[in-house]
Amino acid sequence: MNTQHKAGIEGQADLPRAGRPPRIGQRESGGIQMSHWKTLLTIGVAVGLVVVLAGCQQGEKAAGNVRTGPAGSGAVRVLMEDNTFQPQVLKVPAGSPVTVEVRNAGDKSHNLTIEGLHVSTGAMHHGDVKTVTFTAPKGATEFSCTWHRGMVGRIVAT
Ligand SMILES: [Cu+2]
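Everything numeric in this text was worked out from a predicted model, so none of it was measured.

Novice: Can you explain the overall build of the chain? Please cite residues and give values.
Specialist: Counting its secondary structure elements, the chain contains two helices and 10 strands. Helices and strands in the chain line up, N terminus first, as α-α-β-β-β-β-β-β-β-β-β-β. Among the 158 residues that make up the chain, the fraction classed as buried is 17%. Across the chain, the fraction of contacts at a sequence separation of at least 24, relative to all contacts at a separation of at least 6, is 68%.

The following block contains the structure:
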């Protein structure tokens, strides 16, 4: 048993001696650079994931004055489609509370988020209806679905 063990070690120890030393040097410097790159890459991917996840979470939860269900008559009505808002421009009075009924008529899940006013319907699935109340400042305020690039609209308050 002892001899076999020794033989094994000697056998392994013999291998590097057979013309390896120059390669080991190359590999080591290359290996160190690679591991640095891998570390940087891993950090980069991790940061990227956090940013992406944060982006996903924005719009996931309701923010501001939001309730589930339809609004009464006189509310501004917005339909979510895949992937647009209908209409894309909401004309509202400036400086007083506005009630907007949002209905997801699309198949996908969407949200209506007014970043400038810290308002969001949160996640809305197919068929969901929510009522959002907010006060818009005079001028144009963008809203969007944070999940679908280009799914945007504008509140124009006068
Ligand atoms: Cu969307």
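Novice: Please set out the sheet that holds strand β2 (residues 76-81) residue by residue, giving values where relevant.
Specialist: Here we have five strands laid out as an open sheet, ordered β1-β8-β5-β2-β3, and mixed in their pairing. Unpaired on one side and paired on the other, β1 (65-68) and β3 (84-86) mark the two borders of the sheet. Along the sheet, successive strands turn relative to each other by an average axial angle of 25°, direction set aside. Where β1 and strand β8 (residues 129-135) come together, four bridges link them in antiparallel fashion.

Novice: Account for the environment of A94, with residues named and values stated.
Specialist: Looking at where A94 falls in the secondary structure, it is placed in the loop between β4 (89-92) and β5 (97-104). Residues A94 and P137 lie 43 residues apart in sequence; the distance between their C-alpha atoms is 5.3 Å. Once residues within four sequence positions are removed from consideration, A94 is found in contact with A136, P137, K138, A157 and T158.

Novice: Report on the confidence of the model for the chain, specifying residues and quantitative values.
Specialist: Here the chain shows a mean pLDDT of 82. Residues at 70 or above account for 67%. A low-confidence stretch, residues 1-11 (pLDDT under 50), is modelled with zero contacts involving residues beyond four sequence positions or located in other chains.

Novice: So, the pairing of strand β10 (residues 152-157): which residues are in play, and what are the values?
Specialist: Remember that side chains alternate between the two faces of the sheet whenever the strand is regular. When β4 meets β10, the two strands line up parallel, connected through four bridges. Each residue of the ladder has a partner; that of V92, found in β10, is A157.

Novice: Lay out the nonpolar core with the relevant residues and their values.
Specialist: Of all hydrophobic cores here, the largest spans 15 residues; its most connected members are V78, M80, V102 and L112. Those elements that place two or more of their residues in this core are β2 and β5. Ignoring any residue separated from it by four or fewer positions in sequence, one finds V102 in contact with V78, M80, L112, T121, M124, K130 and V132.

Novice: Provide a residue-level description of the environment of G153, including the pertinent values.
Specialist: Secondary-structure assignment places G153 in strand β10. Its 20 C-beta neighbours within 10 Å are what place G153 among the buried residues. Sequence-wise, G153 and Q88 are 65 residues apart; in three dimensions their C-alpha atoms are separated by 4.4 Å. Discounting chain neighbours no more than four positions away, the residues touching G153 are F85, Q88, V89, L90 and F143.

Novice: Which residues make up unusual backbone geometry, and what are the values?
Specialist: In this structure, the amide linkage connecting D82 to the following residue, N83, adopts the cis form with an omega of -5°. Along the polypeptide, N83 turns up in the loop between β2 and β3. The omega torsion across Q86 and P87 is -5°, close enough to zero to call that bond cis. Here P87 is to be found in the loop between β3 and β4.

What counts and what doesn't
Residues numbered from 1 in each chain as written. Predicted model: local features only at pLDDT ≥ 70, side-chain atom pairs only at ≥ 80, totals over all residues. Helix = DSSP H or I, 4+ residues; strand = E, 2+ residues; numbered from the N terminus. Buried ≥ 20, exposed ≤ 12 C-beta atoms within 10 Å, placed from the backbone. Contact = placed C-beta atoms within 7 Å. Pairing = 2+ DSSP bridges. Axes fitted to C-alpha atoms, helices over the stretch in contact; angles between N-to-C directions. pLDDT = per-residue confidence, 0-100. Core = buried A, V, L, I, M, F, W, Y, C linked by C-beta atoms within 7 Å.

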